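Descriptive analysis of the structure
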Amino acid sequence: MTTRTRTTRATLLPITTRKTMARGKRGLGAAATMAIGGVLALAPTPASASVSQGYVVGAGVVTDDWGDEGPLSASQHSNSYAVGLWQWVLWAEAAPETNGTAFDLGDIDCRFGANTTYATKQLQKRWRLSQDGIVGKATFSRADNELILFEGSGFDTVAYSGSEGDIYFNRDDVGVYTFPVVYKDDEILDASYSAAPAEVCEYGN
């Protein structure tokens, strides 16, 4: 399946670096709202999405966008763009990887290998979830608690505020989540469950 690129990174808020001090959602919300000239909003419509739709999808309140997504694991959708989105969460949380360092940009390759499995288990441990290394409903539900919606025209910006970093996704007019290419400033990718070449996640099409 050909990856669709509908918007550029110019429409995304900049990806931030690791946090140098603790910041709550209120601080992130104020900064991001000013940056996009929008209004922080929680819409009343509940989200409805699932892997059967082919993409990570949401609608309305973002804090229940991901609860019916997945599973992602070493044996389920292990080579997919949806894994790339999850790896950005691991990056924002600075989840420990196998060598003891924090999950970094070089680890985002849309592959749910041993390193991503280990980092997922470590994050599940921190969140007091079952440490099975599978990103299922419980893990996705815990993750989307950290999402913040900034409504836009034609697409929404959705910030994930991790313990150590912030990452900004887009949610387009049909609810599909997109995430940034790691080493390319002008491209984003749909968070689909389709097979994803590692080089595309890192360097784009």
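Check the entry above for the structure.
Attention in this report is confined to the structure presented alongside it. Every chain begins its residue count from 1, and numbering advances along the sequence as written. Owing to the predicted nature of the model, reporting of local features is limited to residues with pLDDT of at least 70; listing and counting of side-chain atom pairs is limited to 80 or more, with chain, interface and lining totals taken over all residues. Excluded from the side-chain calculations are hydrogens and water; all other atoms, namely the structure's heavy atoms, are used.

Structural notes on the pairing of strand β4 (residues 177–180)
Walk down a regular strand and you will see the side chains alternate between the two sheet faces. Side chains of β4 alternate between two faces, with Y177 and F179 and T178 and P180 buried alike. In the sheet, strand β3 (residues 166–172) pairs with β4 via two bridges, with the strands oriented antiparallel. Each residue of the ladder has a partner; that of R171, found in β4, is Y177. A pair of strands is labelled paired if DSSP reports no fewer than 2 bridges between them. Under the scheme used here, helices are H or I runs from DSSP no shorter than 4 residues and strands are E runs no shorter than 2 residues, and both carry numbers assigned from the N terminus. Between the end of β3 and the start of β4, which pair antiparallel, lie four residues, with G175 showing a positive phi angle near 95°. Judged from the three bridges that link them, β4 and strand β5 (residues 188–190) form a sheet pairing that is antiparallel. If you follow F179 over to β5, its bridge partner there is L189. Only protein chains enter the accessibility calculation, which uses a 1.4 Å probe. A residue is then buried if its area is under 20% of the maximum for its type, exposed if over 50%, and partly exposed in between.

Overview of a nonpolar patch on the surface
The grouping of L105, Y183 and Y203 at the surface amounts to a nonpolar patch, some 300 Å² of accessible area in total. Looking at where Y203 falls in the secondary structure, it is placed in helix α5 (residues 198–203). A patch consists of residues whose relative accessible area exceeds 30% and which take part in no salt bridge; residues with like charges are grouped when within 9 Å of each other, and nonpolar side chains (Val, Leu, Ile, Met, Phe, Trp, Tyr) when within 5 Å. For the accessible areas, the method is Shrake-Rupley and the probe is 1.4 Å, while residue cover comes only from the protein chains on display. We count a salt bridge whenever a side-chain nitrogen from Lys or Arg sits within 4 Å of a carboxyl oxygen from Asp or Glu.

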